[in-house]
Amino acid sequence: MTVVIAAHGLRKEFTVRVKAGRLRREKRVVAAVDGVDLRVERGEMLGYIGPNGAGKSTTLKMLTGILTPSAGEARVCGLVPVPQRTRLARRIGVVFGQRSQLWWDLPLRDSFDLLRHIYRVPAAEHAVRLARCRGLLDLDEFMDTPVRQLSLGQRMRGELTAALLHGPEVLFLDEPTIGLDVVSKQAVRSFLAELGASGDVTLVLTTHDLADIERLCQRLVVIDHGRVVHDGSIEALHARYGSRRRVVVDLDEPVGEPPEGAVVESDGRRLVFTVDGPVAPVIARLAALPALRDLTIVEPDIEDVVTRLYLSPDAP
Amino acid sequence: MVDLRPYAALFRGQARSLTSYRASFALELSTNVFATVMDVLTVLVLFRISRTLGSFTFHEALLMVGLSSCAFATADLAVGNIERIKLYVRTGLLDAVLIRPLGALPQLLLMDLPLRKLSRCVFGTGVLVVAAVTAGIDWTPGRVLLVVIAPLAGAVFFSAIFVVSATVSFWWVETGEIGSAFTYGGRDFTSYPITVYGGWFRRLFAYGMGFAFVAYYPALAILGRADPLGLPGWVGYAAPSVAVVAAVTAGAVWRVGIRHYRSTGS
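Model, not experiment: these values are computed from the prediction. (Residues numbered from 1 in each chain as written. Chains lettered and ligands numbered in written order. Predicted model: local features only at pLDDT ≥ 70, side-chain atom pairs only at ≥ 80, totals over all residues.)

Draft legend 1. Looking closely at the overall build of chain A. Counting its regular elements, chain A contains 10 helices and 13 strands. With the principal axes as the frame, chain A shows a C-alpha extent of 75 × 60 × 45 Å. Buried positions account for 38% of the 316 residues belonging to chain A. (Helix = DSSP H or I, 4+ residues; strand = E, 2+ residues; numbered from the N terminus. Buried ≥ 20, exposed ≤ 12 C-beta atoms within 10 Å, placed from the backbone.)

Encoded structure:
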């Protein structure tokens, strides 16, 4: 496998001036990113999450050549982001949920045409990619509307297309679903899922919406206070923080003694268990209950795990 | 070889955007003409009070006004946009500029098409032509060359000043109008013979920062007048070299500045 992104000891410090006394202001150095190591291979879909101010965006900005790292090194597509920024820009796509790279006063059609010239993409390639995005993202109804008149959801679909027209190897997405309604979120997610499934684009995604991650990413990197606190699959995260699957049992009539161990809640007719290890034997035993009406297995909720992770004062 | 086609595309995009705001364009165009006329009138008014200004006659001083005004207007047209970087740095909009495969500085300059400033350029050139015709100059090939080159060198020099004073916002986001002290202040400084200024102020602006080479020394050389301050006559011809030094310095300052870009949260 080819390594597309390699970061080692990546660090970014900002100097902030803090009020100290009436006129005096003290300089204080704050590390927004504090030694991040990261290796991403071609075709991976990586979720990069963390609470506000954890350093997600700062990391992305260092990897895309916007910010110069204070220490450490990074290579994206074999290039050093800041010194080789313009060469790198041709090989990556960047979507900021909160910033537009489209021309505010121009229709999408014109923006896409300008981008073809800016990235010097051969007309035929450009047309193929654009046709694909138009189909998948339903752009046709607003191709001729000035960007300033688009809804946020429409604009975001435009931004995604704009970031892909030059055929990037890596796509960085900084909160691509922020502020979108449910339908637009779904549209963006299924588009990204399709893109990732093709396997030739590496996706790095920061988000606060964990549904994005569950839908799209096999691998999850959690960052807090500028440091990586978890790097692995979502399952590994659950295993590590002891989140368990739950079984919800609805009964026709209350049973006196709960038939299984760890009951979370019980109001007689409904019982909720947490289950360690394989769930099948538990279900087999529950199925034997005469009063059983319904049985549901609830997958562990990633929100819970991540909340616990964010709140733990000193994550490992 | 730098491929200019992507930049041409950016230019077309801006031109197309501009057409969606026709009325405000017409308004800005006329206010700009008015502002430039006022600049020149300020100098003319001084001659109502005194026959000479810093030991220069009206026509001699008018040549300096023309050189200065022409150089500044050209620089303002080409590079004046860079002042917007304050906004781009503060709001983090520069992020969108930096993810494109083009130089950041040219992109910023093309972010807005200040065609409205074209009127200032035309007016400045007009003043220069009138001054050159009426000042009774003994034309030699060298002087003809200089009267063409000097406004261009001055434009490069002012462009460098624009870039440096805008770059400051990478370090101090809230620079306010400090930059204008050197850009618009510089234009006002160069509109008068430097002999009207005194002491450390003249030494700093005229020689330390090089503003004397925009209009004053080139005008002396074109007029064939000796410098009351004692520098030799060829100094006026050094204007292009001063401009090159300023441009190289500005390029270096810009490159350091952009590495200090801090962006904004998320």
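Draft legend 2. View of the packing of helix α8 (residues 141–167) of chain B against helix α9 (residues 178–190) of chain B. All names here are of chain B. Relative to each other, α8 and α9 sit at 165 degrees, their axes nearing to 8 Å. Classified by the angle between their axes, α8 and α9 sit roughly antiparallel to one another. Crossing hand, α8 versus α9: left-handed. Contacts between α8 and α9 involve F158, I161, F162, S165 and A166 from the first element and G179, F182, T183 and G186 from the second. (Axes fitted to C-alpha atoms, helices over the stretch in contact; angles between N-to-C directions. Parallel < 35°, antiparallel > 145°, perpendicular 65-115°, else oblique. Left-handed = near helix turned anticlockwise from the far one by under 90°. Contact = placed C-beta atoms within 7 Å.)

Draft legend 3. Region of interest: the pairing of strand β9 (residues 227–233) of chain A. All names here are of chain A. Pairing between strand β8 (residues 219–224) and β9: six bridges, direction antiparallel. Paired with R219 across the strands is S233, a residue of β9. Between β8 and β9, which pair antiparallel and follow one another directly, the connecting turn spans two residues, one of which, H225, has a positive phi of 50 degrees. (Pairing = 2+ DSSP bridges.)

Draft legend 4. Molecular detail of the UniProt feature "transmembrane region" (unreviewed entry) in chain B. Taking the UniProt record as the reference, the feature "transmembrane region" (unreviewed entry) is found at residues 29–49, 121–139, 145–173, 204–222 and 234–254 of chain B. Here residues 121–139 of chain B is 74% helix and 0% strand, with 24 Å between the C-alpha atoms at its ends. (UniProt positions renumbered as here; feature names shortened; annotations may be inferred.)

Draft legend 5. Here's a closer look at the sheet that holds strand β1 (residues 3–19) of chain A. Residues and elements named next belong to chain A. Taking strand neighbours across the sheet as the criterion, the three strands line up as β2-β1-β4 in an open arrangement whose pairing is antiparallel. On the outer flanks of this sheet lie β2 (25–41) and β4 (71–76), each paired with one strand and no other. Each strand axis lies, on average, 25 degrees off the axis of its neighbour in the sheet, ignoring direction. Where helix α1 (residues 56–63) meets the sheet, it contacts β1, β2 and β4, and its direction lies at approximately 120 degrees from that of β1.

Draft legend 6. Layout of the environment of S111(A). Residue and element names in this part refer to chain A. Its location among the elements puts S111 in helix α3 (residues 108–118). Residue class for S111 comes out buried when judged on the 25 C-beta atoms lying within 10 Å of it. Once you skip the residues sitting within four places of it in the chain, S111 turns out to touch L102, W103, L106, V147 and A162.

Draft legend 7. Structural context of helix α10 (residues 302–311) of chain A. All names here are of chain A. Among the residues making up α10, those that are buried are V305, V306 and L309. What you see down the axis of α10 is that its buried residues fit within an arc of 90 degrees, all on one side. Opposite the buried face of α10, at more than 90 degrees from it, the exposed residues are E303 and L311. In this structure, the buried residues of α10 make contact with β3 (45–49), α7 (210–216), β8, β9 and α8 (234–240). (Arc of directions from axis to C-beta.)

Draft legend 8. Up close: the domain arrangement of chain A. Split by domain assignment, chain A resolves into domain 1 (3–239) and domain 2 (244–299). Summarising the inter-unit geometry, the C-alpha centres of domain 1 of chain A and domain 2 of chain A are found 43 Å apart. (Domains from an automatic or database assignment.)

Draft legend 9. Summary view of the sheet that holds β8(A). All names here are of chain A. One open sheet accounts for six strands, arranged β5-β6-β7-β3-β8-β9; its pairing is mixed. With one partner strand each, in any of the chains shown, β5 (92–96) and β9 form the two edges of the open sheet. The sheet shows a mean angle of 15 degrees between the axes of neighbouring strands, taken without regard to direction. As paired elements, β5 and strand β6 (residues 170–174) share five bridges and run parallel to each other. From the neighbouring strand, G93 faces β6, where its bridge partner is L171.

Draft legend 10. Just unusual backbone geometry, in detail. Residues and elements named next belong to chain A. Look at C77: it is not a glycine, yet its phi comes out positive at around 55 degrees. Within the element layout of this structure, C77 appears in the loop between β4 and α2 (85–91). One non-glycine residue, H225, lies in positive phi territory at about 50 degrees. For H225, a count of 16 C-beta atoms within 10 Å translates into the label partly exposed.

Draft legend 11. Representation of the nonpolar core. Counting 142 residues, the largest nonpolar core has L67(B) and F157(B) as its most contacted members. Examining the composition of this core, we find that 14 residues originate from one element, α8(B), more than from any other. Look past the residues within four positions of F157(B) in its chain and what remains in contact with it is G210(B), F213(B), V214(B), V242(B), A243(B) and A246(B). Formed by five residues, the second largest nonpolar core is a distinct cluster that contains V249(A), L271(A), F273(A) and V282(A). (Core = buried A, V, L, I, M, F, W, Y, C linked by C-beta atoms within 7 Å.)

Draft legend 12. Representation of the interface of chain B and chain A within the structure. Taken together, the 23 residues of chain B in the interface contact 29 residues of chain A. Top contributing element to the side of chain B that touches chain A by residue count: helix α1 (residues 5–18) of chain B, with seven residues. Each residue belonging to the side of chain B that touches chain A can be placed in one class, and the counts come to 10 nonpolar, seven polar and six charged. (Nonpolar A, V, L, I, M, F, W, Y, C, P; charged D, E, K, R; others polar.)

Draft legend 13. Structural view of helix α5 (residues 152–164) of chain A. All names here are of chain A. Here α5 spans 18 Å end to end across 13 residues, near enough to the 18 Å set by a 1.5 Å rise per residue. Counting buried positions along α5 gives 11 out of 13 residues, so the element sits mostly inside the fold. By the burial criterion, the buried members of α5 are Q154, R155, M156, R157, G158, E159, L160, T161, A162, A163 and L164. Looking at the packing, one finds that the buried side of α5 touches β5, α3, α4 (123–137), β6 and α6 (182–197). (Expected span 1.5 Å × (residues − 1).)

Draft legend 14. Inspection of the packing of helix α3 (residues 58–79) of chain B against helix α11 (residues 216–223) of chain B at higher detail. All names here are of chain B. Orientation of α3 relative to α11, taken along the N-to-C sense of each, is 130 degrees, at an axis distance of 9 Å. Taken together, α3 and α11 sit at an angle that is classed as oblique. Handedness of the α3/α11 crossing: right-handed. Of the residues in α11, those in contact with E60, L63, M64 and L67 of α3 are Y216, P218, A219, I222 and L223. The residue makeup of the contact of α3 with α11, split by class, is eight nonpolar, no polar and one charged.

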